[in-house]
Every structure is written in structure tokens, then in C-alpha cells.
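# Observations on the three-dimensional arrangement
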Amino acid sequence: MQDSSSRRKFLAIAGAFALQSKAFQTQGEQVIHFEDWKPFNPEKPGMPWDELTSWITPVEQLFAVGHYGYPQVDAAAWKLRIEGLVSRPGSFTLDALKKRPRQEYVATLECSGNGPAGGLIGNARWVGTPLTPILKECGLNPKAVEVVFFAADEGTEKIRGGEYKQHFARSLPLADALQQHVLLGYEMNGQPLTSKHGAPVRLIVPGWYGIAWVKWLTRIELHDRKYLGRFMGRDYVTIRGEQRGNDVIWRETSVGRMNLKSVVARAVRLPSGDVRLSGAAWSDGVPIRSVEIRIDGGDWAPARIESKRATPYAWTWWTFDWKGPKTGEHSIASRATDAHGRVQPAPDDPFIALKKTYWEANQYAVRKLKLDG
Ligand SMILES: Nc1nc2c(c(=O)[nH]1)N[C@H]1C(S)=C(S)[C@@H](COP(=O)(O)O)O[C@H]1N2
Ligand SMILES: [Mo]
């Protein structure tokens with residue numbers, strides 16, 4: 001929809017971007033790498049945090065995950081089928097989807113397997129057509145509670161002694177699938193989706209971890225019960241303990257909405273000798289209220305939020321000017337707080353310490369930085 005409101009929105013995004021780039025790149029700055037820095041590897045891309053100067057992540061920097069490899073789907077022959085508990089099963093070509101209302105949305109995509117300062121994340125401008133009207137046109141049966149998204153990639157799963165050839169699949173509860181910004185996405189950053197990132201069509205689920213953003217979509221099924229395939233019920237299951245008196249209660253939950261998180265991305269030496277720290281903070285869509293910085297285990301000090309996010313699901317940028325830093329080894333952490341008062345956990349917070357699986361690691365990273373004289 002190229003109406004004036006979407007143009008205005010684009011200008012707002014472009015404006016925020018210009019403002020933020022200026023705050024993130026200063027004249028005469030010198031990047032200081034954190035001790036855990038690794039050179040960018042184009043063969044295995046991931047967010048190169050100390051190069052975070054573009055609010056929109058270029059496609060070359062975006063990580064990729066393919067549990068069953070990376071299929072090449074022939075877009076000309078491709079059809080998306082909508083089946084199961086619907087009165088009018090649907091079948092859509094790529095052209096048919098592109099003729100439908102077009103929606104653009106900036107959202108951060110993070111893999112739930114991303115570590116505390118890990119690179120399995122990016123912030124992109126996604127374009128697609130909203131899923132809700134399509135599901136409704138197909139005539140939702142009142143018994144439908146679960147929407148299962150099947151993909152072209154497939155593998156063999158061993159389950160209780162049996163072997164089963166299966167396509168990648170993930171589901172969303174119907175209420176979540178009907179969320180306004182869930183898109184059948186076919187563009188990223190103004191370009192057709194690349195094969196690696198799910199062409200011709202992938203699901204865009206703002207506020208949810210990457211595992212829900214099913215790539216290479218082929219079929220959507222409406223079910224009357226929960227779907228518990230490998231990526232819902234066996235992998236991507238978080239095991240978290242909760243202390244109850246002397247007991248620990250173990251909760252197993254399927255990875256879903258994103259957790260509040262932030263990272264100290266860059267450290268640059270300014271001509272004045274001060275060090276400017278900058279980074280990103282993101283959440284499941286709840287606004288970021290504040291970001292704080294702690295240097296060498298001292299007091300938490302507020303960072304400056306550089307601008308409001310263009311959408312609640314895009315990352316927020318912040319900066320912090322570290323005046324008169326001493327030479328030598330330092331440790332630096334950032335932690336975000338959201339508008340509901342939730343605080344990003346410390347690594348030893350029971351919320352993290354009693355989490356026994358690696359998914360959903362949203363504790364703050366304590367990054368080491370060495371300053372030369
Ligand atoms: N069909 C399919 N979709 C998939 C996956 C997959 O293996 N197959 N991996 C998921 C995971 S775990 C993540 S984190 C995101 C990554 O998206 P990207 O490869 O575009 O970065 O895709 C998701 N969608
Ligand atoms: Mo992932």
C-alpha cells in the first residue's frame with residue numbers, strides 16, 4: 001500500500017536511521033575491539049557488533065539457520081496451500097500473494113540459540129502480505145486453535161525407535177497467528193528474499209524468536225490441537241527451574257516470544273580520549289524504558305537512548321560516553337529495562353542459572369575491553 005501514511009512511516013524510519021548513524025559514527029573515531037572479537041567471516045555471517053553503524057542489517061551480515069540444509073525452491077512453480085480446518089482451502093502463487101495488500105515492517109530477528117553477545121541477530125525491513133485476511137478468507141472452522149506452517153526443507157527424525165521423513169514445521173496458536181503484523185514475507189531490505197533466507201516466501205513473526213519465522217513456506221494447516229513436532233516439542237524446548245521453598249519446580253516450555261536483551265556493540269576512542277560505547281536493546285515488543293551500563297563492576301549508569309524504535313519490534317540504539325577511562329583491562333555490561341519494569345537478568349540470576357538448556361540466553365554479557373595508553 002503506497003499511501004501517504006506508509007510514505008510518512010518510511011520517512012520516519014529514514015530519519016531515525018540518519019540520526020542514529022550520526023550518533024554511532026563520529027569523526028576521527030577509532031574502534032577498539034572487545035577481547036572476544038572475531039573477524040567477520042562472510043562464509044558464516046553473523047552480526048559483526050563492532051560494525052554496528054547501520055540500523056538496518058545488510059543482508060550480507062545476516063546469520064542463517066537451516067536445520068535440514070538450504071533448499072532451492074522454484075518460485076515459478078511454487079504454491080502456498082492452506083488446508084485443514086478451513087471451509088475453503090486456498091492455494092496461492094507468488095504473484096497472487098504480491099497482488100494482495102503490501103505491508104512493510106521493521107523487526108529484529110534473533111535466533112533463540114544466540115548467546116549473550118552473539119551474532120545470530122539482525123534488524124531488517126521486511127515486506128509481505130498480512131496472514132490474517134488470508135486465513136479468514138479460507139473460512140476458519142471454529143474448532144481451529146493451531147496454525148501449523150510447513151516448509152520445503154525435510155529430514156529424517158528418529159522418534160521412539162521409528163524413523164520418519166518430515167518437512168520442517170513450526171506452529172503458532174491461532175490467536176498469535178492472527179496478530180496484526182504476522183506477514184507472509186517476500187522481501188527483505190527492499191530486495192526479493194534470498195534463497196538462504198527463505199525464498200520465495202517466509203513467515204515474519206515480529207516479537208518471536210527466529211524459529212517461528214518459517215522459511216521456504218509451502219503449506220499452512222489449521223488444526224484443532226497443539227502441534228508437537230521436533231521444533232515445538234523436542235528441540236527448542238527450554239527447561240527452566242523455579243525455586244519453591246526447598247524444591248525446584250521444572251518447567252518445560254516451547255521457545256516462543258523473545259526475551260528482553262541488550263548488548264554493548266561498539267567501543268570507539270573519540271579524539272578527546274573518551275570512549276563512546278554504543279549498542280542495541282530489543283524485546284518481544286514491549287517498549288525499552290532504559291538501558292544502563294556498568295563498568296568494572298561499579299554502579300549502573302544510564303545510557304542515552306538514541307531514538308524511539310520505528311516499530312515496537314525493531315531494536316533500539318543507545319550510547320554511553322565513558323569519560324576519562326584509564327588504560328588497562330576493563331569489563332563492561334549493559335542491561336535493559338522495559339516499560340513493564342522487567343529487567344534484563346544477570347548471568348547468575350536464578351532465571352538464567354536454573355535454565356538448563358541454552359536457548360533463550362538473554363542474560364547480559366560482561367565484555368572485556370583493553371585500553372592502551
Ligand atoms: N524452513 C525452515 N525455516 C526456518 C529454519 C529452518 O531450519 N527451516 N530455521 C529457523 C531458525 S532456528 C531461525 S533462527 C531463523 C533464521 O532465519 P535466517 O536464516 O533468515 O537468519 O529461521 C527459522 N526458519
Ligand atoms: Mo534459531
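Each chain has its residues counted from 1, following the order in which its sequence is written. Going through the entries in the order they are written, you letter the chains from A and number the ligands from 1. Per-residue local features of the predicted model are confined to residues with pLDDT of at least 70, and side-chain atom pairs are confined, for both listing and counting, to 80 or more; whole-chain, interface and lining totals are unaffected and use all residues. Hydrogens and water are ignored here; the side-chain numbers use all heavy atoms of the structure.

### Some thoughts on the pattern of salt bridges
For the record, the criterion: Each salt bridge in this description consists of a side-chain nitrogen of Lys or Arg and a carboxyl oxygen of Asp or Glu lying within 4 Å of one another. Strands are runs of DSSP state E lasting at least two residues, helices are runs of H or I lasting at least four, and both sets are numbered from the N terminus onward. Under the scheme applied here, a residue whose accessible area is under 20% of the maximum for its type counts as buried, over 50% as exposed, and between as partly exposed, the area being computed with a 1.4 Å probe on protein chains only.
In the structure shown here, the tally under the stated rule is 22 salt bridges. Residue E154 pairs with K165 through a salt bridge whose shortest N-O separation is 3.9 Å. Of this pair, E154 sits in strand β6 (residues 146-159) while K165 sits in strand β7 (residues 162-173); the two residues are 11 residues apart in sequence, bridging distant segments of the chain. In this structure K165 comes out as exposed when scored by relative accessible area, which is 65%. Of the charged contacts, one joins D235 and R230 as a salt bridge, the two residues approaching to 2.9 Å between their closest N and O atoms. A relative accessible area of 19% means that R230 is categorised as buried. It is possible to trace a salt-bridge network through shared partners that takes in E157, R230 and D235.

### Here we look at the site of ligand 1
To keep it simple, the criterion reads: Working definition: residue near molecule or strand if any one of its non-hydrogen atoms lies within 4 Å of it. For the purposes of these results, a polar contact is taken to be a pair of N or O atoms within 3.5 Å, where, inside protein, one atom must be able to donate a hydrogen and its partner to accept one; residues adjacent in sequence count only when each atom of the pair is a side-chain atom. Residue burial considers only the protein chains on display, and all accessible areas are found by Shrake-Rupley using a 1.4 Å probe.
Among the 19 residues in the neighbourhood of ligand 1, the closest are listed as F63, D153, H197, R202 and K215. Within the contact set of ligand 1, an oxygen atom lies 3.0 Å away from a backbone nitrogen or oxygen of V65. W213 places a polar main-chain atom, nitrogen or oxygen, 3.1 Å from a nitrogen atom of ligand 1. Protein contact buries 100% of the 530 Å² of open area that ligand 1 shows by itself.

### Topic: the side chain of T319
Position of T319 among the secondary structure elements: in strand β19 (residues 316-322). A polar atom in the side chain of T319 sits 2.5 Å from the side chain of E306.

### Some details on the confidence of the model for the protein chain
Where we set the bar: Per-residue confidence from the predictor is reported as pLDDT, which spans 0 to 100. Any two residues whose heavy atoms approach within 4.5 Å at even a single point are treated as in contact.
Overall, the predicted model of the protein chain reaches an average pLDDT of 93, with 93% of residues at or above 70. Ranking the helices and strands of the protein chain by mean pLDDT puts strand β10 (residues 202-204) first, with 99, and helix α1 (residues 4-24) last, with 48. Scored below 50 in pLDDT, residues 1-20 makes 20 contacts in the model with residues more than four places away or belonging to other chains.

### Things to note about the pairing of strand β16 (residues 288-295)
Note the cut-off: A pair of strands is labelled paired if DSSP reports no fewer than 2 bridges between them.
Relative to strand β20 (residues 328-338), β16 is paired through seven bridges, and the arrangement is antiparallel. Paired with E292 across the two strands is R335, which belongs to β20. Direction of pairing for β16 relative to strand β17 (residues 301-302): antiparallel, over a ladder of two bridges. What sits directly across from E292, in β17, is P302. Between β16 and β17, which pair antiparallel one after the other, the connecting turn spans five residues, and D296 there sits at a positive phi close to 50 degrees.

### As for the sheet that holds strand β2 (residues 80-84)
Keep this limit in mind: Fitting a line to C-alpha atoms yields each axis, with helices limited to the stretch in contact; the angle taken between N-to-C directions then spans 0 to 180 degrees.
Pairing within the open sheet is mixed, and its five strands lie in the order β3-β2-β11-β6-β7. The open sheet has two edge strands, β3 (90-92) and β7, and neither has a second partner. Each adjacent strand pair in this sheet contributes to an overall mean axis angle of 30 degrees, direction not counted. Direction of pairing for β6 relative to β7: antiparallel, over a ladder of 11 bridges.

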